[in-house]
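Reading the structure
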Amino acid sequence: MNRHEFLRELHKASANRNYLEIGVNDGRSLALSRVPSIAIDPAFKVVTEVRNDVHLVKATSDDFFKRNNPLAHLRSGRHPLRNLRRGRKPFGYWRRTTLDLSFIDGMHLFEYALRDFINVEKHSDWASVIVFDDMLPRSVDEAARDRHTKYWTGDVYKVVEILNRYRPDLVTVLVDTQPTGQLVVFGADHTNTVLSDKYDEIIAEFEVPDPQKVPEAILERVQAVKPETLTRADFWRPLVRARNLGLGRSRGWKPLSTALGQITGGR
């Protein structure tokens, strides 16, 4: 299964009500969305038909998240008075906007991907699904920080180790998609500041010159699950129901983390 086929299946499985994408390029991944979306890229060149209510942002993701109320486009519900006139509940207008599905495919350097995750998590919760692209390079050359190959993942694969070490409260699932794998993260906590607090420490350790020492487990995809194993798992229906009911982390996260542990083998 390739990256776009996997994303299509994630849209279906997660029944997401909104979508955020960092790194738009030609729009092929954005075109998979059928819900209100935000797409961020300083140099997008969308050539694919997009059939959703999308806010295209020509800016870096760092600059976008510095904006006041960056997710205004996804704000739940129309103006409360308009909702009342149409017989709808007005309260969604005031609720915190939470991202259901996010796709991080921006600059292929780990520090950029890490900052993107930090910013996305601030607008997510335990039922959110966050996806990183290009997490399983096929060679050391492909994983270089200084690009010198046609196909390039950069060193974003380091995010796996960083999250596992600094955020053991999260569940990370490597997925064996073509061509260069993906990482799906569950259990986001917008109140957690560990990555921001430790950012300088992380950069000092993980930013090293080429050639990168890519772990064999990454190159060989030892811990990656088949995409079908994840998208066809039984936990999606209760996750969607709990999210749509607004259940808090205390009630929803433990059953989800247990189900994910069965897929990952408790890694």
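On a predicted model such as this, the values are computed, not experimentally measured, just so you know.

Glancing now at the environment of Leu 260. Checked against the element boundaries, Leu 260 lands in helix H11 (residues 249–264). Spatially, the C-alpha atoms of Leu 260 and Phe 235 are 8.0 Å apart, while their sequence positions differ by 25 residues. The residues contacting Leu 260, other than those within four sequence positions of it, are Val 171, Val 173, Phe 186, Leu 230, Phe 235 and Trp 253.

Below, the discussion takes up the pairing of strand E4 (residues 101–104). Of the two faces of E4, the one holding Leu 101 and Phe 103 and the one holding Ser 102 and Ile 104 are both buried throughout. Across 4 bridges, strand E1 (residues 19–22) lies against E4 in parallel orientation. Bridge pairing in E4 places Glu 21 opposite Phe 103. Across 4 bridges, E4 lies against strand E5 (residues 129–133) in parallel orientation. Paired with Ser 102 across the two strands is Ile 130, which belongs to E5. In this fold, E4 hands off to helix H4 (residues 110–121), which returns the chain to E5; that crossover is right-handed.

Next up on the list: the layout of surface pockets. Unfilled space is identified by rolling a water-sized probe across the atoms. Taken as a whole, the largest pocket encloses approximately 870 Å³ of empty space. Around the largest pocket sit 37 residues that line it, and Gly 23, Asn 25, Asp 105, Gly 106 and His 108 are the ones nearest its centre. Considering every element that reaches the lining of the largest pocket, the biggest residue donor is helix H1 (residues 3–14), with 3 residues. Here the lining of the largest pocket is composed, by residue class, of 13 nonpolar, 11 polar and 13 charged. Approximately 740 Å³ is the volume found for the second largest pocket.

The end-to-end C-alpha distance of H4 is 16 Å, a good match for the 16 Å that 12 residues give at a rise of 1.5 Å each. For H4, the tally of buried residues reaches 10 of 12 residues, placing the bulk of the element in the interior. When H4 is considered as a whole, its buried residues turn out to be Phe 110, Glu 111, Ala 113, Leu 114, Asp 116, Phe 117, Ile 118, Asn 119, Val 120 and Glu 121.

All right, on to helix H7 (residues 199–206) then. Every buried residue belonging to H7 is among Tyr 199, Ile 202, Ile 203 and Phe 206, and all of these are buried. In a view along the axis of H7, the buried residues occupy a sector of 100°, so they form one face of it. The exposed set on the far side of H7, more than 90 degrees from its buried face, consists of Asp 200 and Ala 204. Buried-residue contacts for H7 involve H4, helix H5 (158–166) and helix H6 (194–197).

In the structure shown here, the tally under the stated rule is 18 salt bridges. Between Glu 121 and Arg 167 there is a salt bridge, with the nearest N and O atoms lying 2.8 Å from each other. With Glu 121 in helix H4 and Arg 167 in the loop between H5 and strand E6 (171–175), this pair connects stretches of sequence that are 46 residues apart. In this pair, the class of Glu 121 matches that of Arg 167, namely buried. Salt bridges linked by common partners bring Glu 111, Arg 145, Asp 155, Lys 158 and Glu 207 together as one network.

This part covers the packing of H1 against helix H10 (residues 236–245). Remark: H1 packs on H10, axes separated minimally by 9 Å, with the N-to-C direction vectors making an angle of 60°. By the criterion of interaxial angle, the relationship of H1 to H10 is oblique. Mapping the contact onto sequence places Leu 10, Ala 13 and Ser 14 in H1 and Trp 236, Val 240 and Arg 243 in H10. Along the lines of polarity and charge, the residues of the contact of H1 with H10 split into 4 nonpolar, 1 polar and 1 charged.

Criteria and cut-off values
Residues numbered from 1 in each chain as written. Predicted model: local features only at pLDDT ≥ 70, side-chain atom pairs only at ≥ 80, totals over all residues. Heavy atoms only, no water. Helix = DSSP H or I, 4+ residues; strand = E, 2+ residues; numbered from the N terminus. Contact = heavy atoms within 4.5 Å. Buried < 20%, exposed > 50% of the residue type's maximum accessible area, 1.4 Å probe, protein only. Pairing = 2+ DSSP bridges. Right-handed = clockwise from strand over helix to strand, strands pointing away. 1 Å grid on protein atoms, 1.4 Å probe; cavity = no way out; pocket = protein on both sides within 12 Å on 5 of 7 lines; lining within 4 Å. Points joined across faces, edges and corners; volume = space filled by probe spheres on them. Nonpolar A, V, L, I, M, F, W, Y, C, P; charged D, E, K, R; others polar. Expected span 1.5 Å × (residues − 1). Arc of directions from axis to C-beta. Salt bridge = Lys/Arg side-chain N within 4 Å of Asp/Glu carboxyl O. Axes fitted to C-alpha atoms, helices over the stretch in contact; angles between N-to-C directions. Parallel < 35°, antiparallel > 145°, perpendicular 65-115°, else oblique.

Scope: geometric values only; no functional claims are made or implied.
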